[in-house]
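Next come the chains, spelled out residue by residue.
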Amino acid sequence: MSNSKLYKGSLTTIILKLLNEHDKMYGYEITQHVKALTKGELKITEGALYPALHKLEAEGLLDVEVAKVDNRLRKYYKLTETGTKETVNKLEELAEYIKTMQALVNPKLA
Amino acid sequence: MKLTKEDIQFIDTYLDNSDVVFADIRMEMVDHVASDIEERMAAGDTRGFYNVFKGYMVENKAQLLKGNKQFLKSADKKIWKTFLKELKNPITPLLFLVSCIGFYVLYQNFTLETFRWCLSIVPLIGLTGFILTYVVYQGVKDNKRFSVVERLAFPFLAFYQLPNIFLIRTRELKDTSDLFWTIGGASLALTLMLVLVIISVKLFLSYEKRFKNIA
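Residues numbered from 1 in each chain as written. Chains lettered and ligands numbered in written order. Predicted model: local features only at pLDDT ≥ 70, side-chain atom pairs only at ≥ 80, totals over all residues. Heavy atoms only, no water.

Undergrad: Got a minute to help me understand the overall build of chain B in this structure?
TA: Looking only at helices and strands, chain B features 9 helices and 0 strands. Mapped from its N terminus to its C terminus, chain B presents α and β elements in the order α-α-α-α-α-α-α-α-α. Per-residue burial over chain B gives 47% buried out of 215 residues. Put simply, 75% of the contacts in chain B that link residues at least 6 apart link residues at least 24 apart. When the accessible surface of chain B is summed, it comes to about 11,700 Å², and 63% of that surface belongs to carbon and sulfur atoms. (Helix = DSSP H or I, 4+ residues; strand = E, 2+ residues; numbered from the N terminus. Buried < 20%, exposed > 50% of the residue type's maximum accessible area, 1.4 Å probe, protein only. Contact = heavy atoms within 4.5 Å. Areas by Shrake-Rupley, 256 points an atom, 1.4 Å probe, with all protein chains shown as cover.)

Undergrad: What's the story with the nonpolar core in this structure? I'm lost.
TA: Residues and elements named next belong to chain B. Of all hydrophobic cores here, the largest spans 31 residues; its most connected members are F83, F103, L152, F159 and L196. Every element with two or more residues in this core is listed here: α3 (49-87), α4 (91-109), α5 (112-120), α6 (122-140), α7 (147-151), α8 (153-167) and α9 (176-210). Per element, the largest residue contribution to this core is 12 residues, and it comes from α9. Excluding residues within four positions of it along the chain, F159 makes contact with W80, F83, L192, M193 and L196. (Core = buried A, V, L, I, M, F, W, Y, C linked by side-chain atoms within 4.5 Å.)

Undergrad: Looking at this structure, how should I read the sheet that holds strand β1 (residues 25-26) of chain A?
TA: Across a sheet, strands are paired by hydrogen bonds formed along the backbone, either parallel or antiparallel in direction. Residues and elements named next belong to chain A. One open sheet holds the 3 strands; their spatial order is β1-β3-β2, and the pairing between them is antiparallel. The strands lining the two open edges of the sheet, one partner per strand, are β1 and β2 (62-69). Summarising the sheet, β2 and strand β3 (residues 72-79) pair through 8 bridges and their orientation is antiparallel. Directly across from E65, in β3, lies its bridge partner Y76. Here helix α2 (residues 11-21) sits on the sheet in contact with β1, β2 and β3, set at roughly 95° to β3. (Pairing = 2+ DSSP bridges. Axes fitted to C-alpha atoms, helices over the stretch in contact; angles between N-to-C directions.)

Undergrad: Explanation requested: the layout of surface pockets in the structure shown.
TA: Where empty space is left becomes clear once a probe the size of a water molecule has been rolled over the atoms. Each pocket or cavity is described by its volume, and for the largest pocket that value is around 790 Å³. Around the largest pocket sit 24 residues that line it, and L62(A), D63(A), K78(B), S206(B) and R210(B) are the ones nearest its centre. In the lining of the largest pocket, the residues fall into 5 nonpolar, 6 polar and 13 charged. (1 Å grid on protein atoms, 1.4 Å probe; cavity = no way out; pocket = protein on both sides within 12 Å on 5 of 7 lines; lining within 4 Å. Points joined across faces, edges and corners; volume = space filled by probe spheres on them. Nonpolar A, V, L, I, M, F, W, Y, C, P; charged D, E, K, R; others polar.)

Undergrad: Would you explain the domain arrangement of chain B in this entry?
TA: It is common to give the size of an interface as the accessible area lost on bringing the parts into contact. Residues and elements named next belong to chain B. Each assigned domain of chain B is listed here: domain 1 (5-72) and domain 2 (89-210). Taking only C-alpha atoms, the centre of domain 1 and the centre of domain 2 are 41 Å apart. If you look at the interface, domain 1 gives 7 residues, while domain 2 gives 8 residues. Roughly 630 Å² of surface becomes buried between domain 1 and domain 2 when both sides are summed, with 63% attributable to carbon and sulfur atoms. Among the residues of domain 1 in contact with domain 2, F22, D24 and L72 are the three that bury the most area, contributing 65% of the side total. The interface formed by domain 1 and domain 2 contains 0 salt bridges. Counting every contact that joins domain 1 to domain 2 gives 0 residue pairs in polar contact (both at pLDDT 80 or more). Breaking the side of domain 1 that touches domain 2 down by element, the ones donating at least two residues are α2 (23-42) and α3. Among the elements that take part in the side of domain 1 that touches domain 2, α2 stands out by supplying 3 residues, more than any other. (Domains from an automatic or database assignment. Buried area = accessible area lost by both parts, 1.4 Å probe. Salt bridge = Lys/Arg side-chain N within 4 Å of Asp/Glu carboxyl O. Polar contact = N/O pair within 3.5 Å; in protein donor to acceptor, adjacent residues only side chain to side chain.)

Undergrad: Would you take a moment to explain empty space enclosed by the protein for this structure?
TA: Under the defined criterion, the tally for this structure stands at 2 cavities of 30 Å³ or more. Approximately 90 Å³ is the volume found for the largest cavity. Along its surface, the largest cavity is lined by H54(A), E57(A), A58(A), K75(A), D24(B), F71(B), S74(B), A75(B), K78(B), V148(B), Y207(B) and R210(B). When residues of the lining of the largest cavity are traced back to their parent elements, those giving at least two are α4 (46-58) of chain A together with α3 and α9 of chain B. The dominant element in the lining of the largest cavity, judged by the number of residues it contributes, is α3(B), at 4 residues. When its residues are assigned to classes, the lining of the largest cavity shows 5 nonpolar, 2 polar and 5 charged. Its boundaries defined by the atoms lining it, the second largest cavity holds a volume of some 40 Å³. Lining the second largest cavity are Y50(A), H54(A), I25(B), E28(B), M29(B), G67(B) and N68(B). In terms of residues, the lining of the second largest cavity owes the most to one element, α2(B), which gives 3 residues. Residue composition of the lining of the second largest cavity, by class: 3 nonpolar, 3 polar and 1 charged.

Structure below.
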């Protein structure tokens, strides 16, 4: 991730949230989606994205499917049942975090 | 514009030469690089595949290869997680119990030499299981190297050493305590190795399932 260390801790939540909204996604697609949604503000690098995806897969939160697309193999990720439950928890955690930060940084808006 | 088979092969060979030796890791990187190059070309980059590829690598090679090491850590994590899950399977204590009874029967009915010989082949059972799984997998997958399958060698080698600790006590077998530790230790080692063989087959099958739709 290029922009800020602040985003780093939220990468897992971002991935889970995106996969929750789509049936399945591949690595490059995730980076492009994040880039488009944040109007280029947040660029997820390969060095951050794939380790995070593999970690989530190893933890059993993601399932993998391989398909042949345009002369090459493509690895699609989708949420497992545990992954779907974890997404809800992570999003709640993040919302709570944003609320706390808001209270600290800008009490008027909190 | 979509890349040709030759372009894809070029990227694959380049990454293979850059120490991304496992096919399952490389596959994902190849797709990422190819998707990026295709997008650059679609956005109007007319330099041709080779130059666009070169440009991409100059900018991103370090980031791309960073994921390689991390992937191996995840592969290890996946193995140990599967292993621990399998340990909780009711079949595991049953395997241990059957091994204990089997070794005790051996001790009661055969000479001490035969008993010792049987104990000494315990490590080989697990090792043979791993080698067979590995050889079969390599054959099926055209000698391509797969991370999780290869990383399984580490727990196998660790457990291979385990029986040696207990076998030391078989030299004398002076009392019941020695017999208890010997049979218990050998059964434990045998059970752990059989569990590893089971998870090797399970991981092998999960890879098969993953790649089943590919011609």
